[in-house]
Amino acid sequence: GKSLHPSDFAPALLLLVLSCPLWHVSQAVPVMSKGQMTDSCVLYARTLLQNITDALAQRNLFSGIDCKEQSMQLNTKSNTPSVCAPKESTCSGNTVSEFNLESCLTNIGEDLQHYYKFVVAQSDPDCPLGPAVLFSLRELMENCFAWSLLSDWTSEQVAADGQCTYDERLSLCKILKGFQVRTITINRVIGYLNSGEH
Ligand SMILES: *[C@@H]1O[C@H](CO)[C@@H](O)[C@H](O)[C@H]1NC(C)=O
């Protein structure tokens, strides 16, 4: 697939990503089956990020909205970035003394469920997000976070209202940008867990 280039992201987003560029890790993570991230999990997460980035670049969906210039709306129900900072890492000046795999995975699971419900609800053909994001999100969940799967995948389906207003598209842009940033974090965590196995 295509490799991600920093220019794929808006400058503000890039700044945010670079504000904690390297996790200096001095100790390996203990291997646990639930948090075991295979090489294919790394690829599933990367594909999801690429598909979200592509979705954000859709000109027809975001016509009249400079999506790059919009602020992002993050999922505030989870604390993935802080909870998943690796042990002995220094992020934003605070040294993380412990890496709690269980709460890190729980938070990522909450993110994935949150965004899955959102993307499913977005299946209005008049406001098309496209199938790629939903497909790759589901692949990542099924193959790498199976324990976090929703019991009823279709319960959140929202009926299409036959409209795709400016406000709906603006909101979609902001939420998708938040999803993109959270997915960058999830990619980093999966990479971290994956490297710990070898
Ligand atoms: C999703 O991203 C992957 C990786 O870049 C790409 O191979 C695939 O074609 C994308 N899916 C769609 C439907 O665009």
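Structure report, in brief. (Residues numbered from 1 in each chain as written. Predicted model: local features only at pLDDT ≥ 70, side-chain atom pairs only at ≥ 80, totals over all residues. Heavy atoms only, no water.)

### A look at the site of the ligand
Point 1. Around the ligand, the neighbouring residues are T47, Q50, N51 and A132.
Point 2. N51 is positioned with one of its side-chain polar atoms (N or O) 2.3 Å from an oxygen atom of the ligand.
Point 3. When the ligand is considered free in solution it has 360 Å² of accessible area, and contact with the protein chains removes 49% of it.
Point 4. Ranked by the residues each element gives to the shell around the ligand, the list is headed by helix α2 (residues 39-56), at 3 residues. (Near = heavy atom within 4 Å. Polar contact = N/O pair within 3.5 Å; in protein donor to acceptor, adjacent residues only side chain to side chain. Areas by Shrake-Rupley, 256 points an atom, 1.4 Å probe, with all protein chains shown as cover. Helix = DSSP H or I, 4+ residues; strand = E, 2+ residues; numbered from the N terminus.)

### Comments concerning the state of the cysteines
Point 1. A full pass over the atoms with the stated rule returns 3 disulfides.
Point 2. Across a sulfur-sulfur distance of 2.2 Å, C41 and C144 are joined as a disulfide pair. Taking the torsion about the S-S bond as the criterion, the C41 to C144 disulfide, at about -105°, is left-handed. Here the residue C41 occupies a position in helix α2, and C144 occupies one in helix α5 (residues 131-144), the gap between them amounting to 103 residues. Judged on exposure class, the residue C41 and its partner C144 are both buried.
Point 3. Between the sulfur atoms of C84 and its disulfide partner C104 the distance amounts to 2.2 Å. With the S-S bond torsion at 110°, the cross-link from C84 to C104 turns out right-handed. Of this pair, C84 sits in the loop between α3 (80-83) and β1 (90-91) while C104 sits in helix α4 (residues 101-121), placing them 20 residues apart in sequence. Comparing C84 with C104, the two get one shared label, buried. (Disulfide = S-S within 2.5 Å. Buried < 20%, exposed > 50% of the residue type's maximum accessible area, 1.4 Å probe, protein only.)

### Brief notes about the packing of α2 against helix α6 (residues 166-196)
In helix packing, the relevant descriptors are the interaxial angle and the interaxial distance, both defined with respect to the helix axes.
Point 1. As a packed pair, α2 and α6 sit with axes 9 Å apart at the nearest point and diverge in direction by 160°. Taken together, the axes of α2 and α6 lie roughly antiparallel to each other. Of the two possible hands of crossing, α2 and α6 adopt the one that is left-handed. Facing α2, whose interface residues are D39, C41, V42, A45, R46, L48, L49, I52, T53, A55 and L56, α6 presents C173, L176, K177, F179, Q180, T183, I184, N187, I190 and N194.
Point 2. Across the contact of α2 with α6, the residue classes break down as 13 nonpolar, 5 polar and 3 charged. (Axes fitted to C-alpha atoms, helices over the stretch in contact; angles between N-to-C directions. Parallel < 35°, antiparallel > 145°, perpendicular 65-115°, else oblique. Left-handed = near helix turned anticlockwise from the far one by under 90°. Contact = heavy atoms within 4.5 Å. Nonpolar A, V, L, I, M, F, W, Y, C, P; charged D, E, K, R; others polar.)

### Side note on the nonpolar core
Point 1. Residues F145, F179 and I190 are the most contacted members of the largest nonpolar core, which totals 41 residues.
Point 2. Listed by contribution, the elements that provide at least two residues to this core are α2, α4, α5 and α6.
Point 3. When residues no more than four places from it in sequence are discounted, the contact partners of F145 are M37, L105, I108, L112, L140 and I190. (Core = buried A, V, L, I, M, F, W, Y, C linked by side-chain atoms within 4.5 Å.)

### Considering the pattern of salt bridges
Point 1. In this structure the tally under the stated criterion is 2 salt bridges.
Point 2. The salt bridge involving D111 is made with R182; its shortest N-O contact spans 3.1 Å. With D111 in helix α4 and R182 in helix α6, this pair connects stretches of sequence that are 71 residues apart.
Point 3. The buried category is assigned to D111, whose relative accessible area is 0%.
Point 4. Residue R182 is classed as buried on the basis of its relative accessible area, which comes to 4%.
Point 5. A salt bridge links E142 to R138, with the nearest nitrogen and oxygen atoms 3.0 Å apart. (Salt bridge = Lys/Arg side-chain N within 4 Å of Asp/Glu carboxyl O.)

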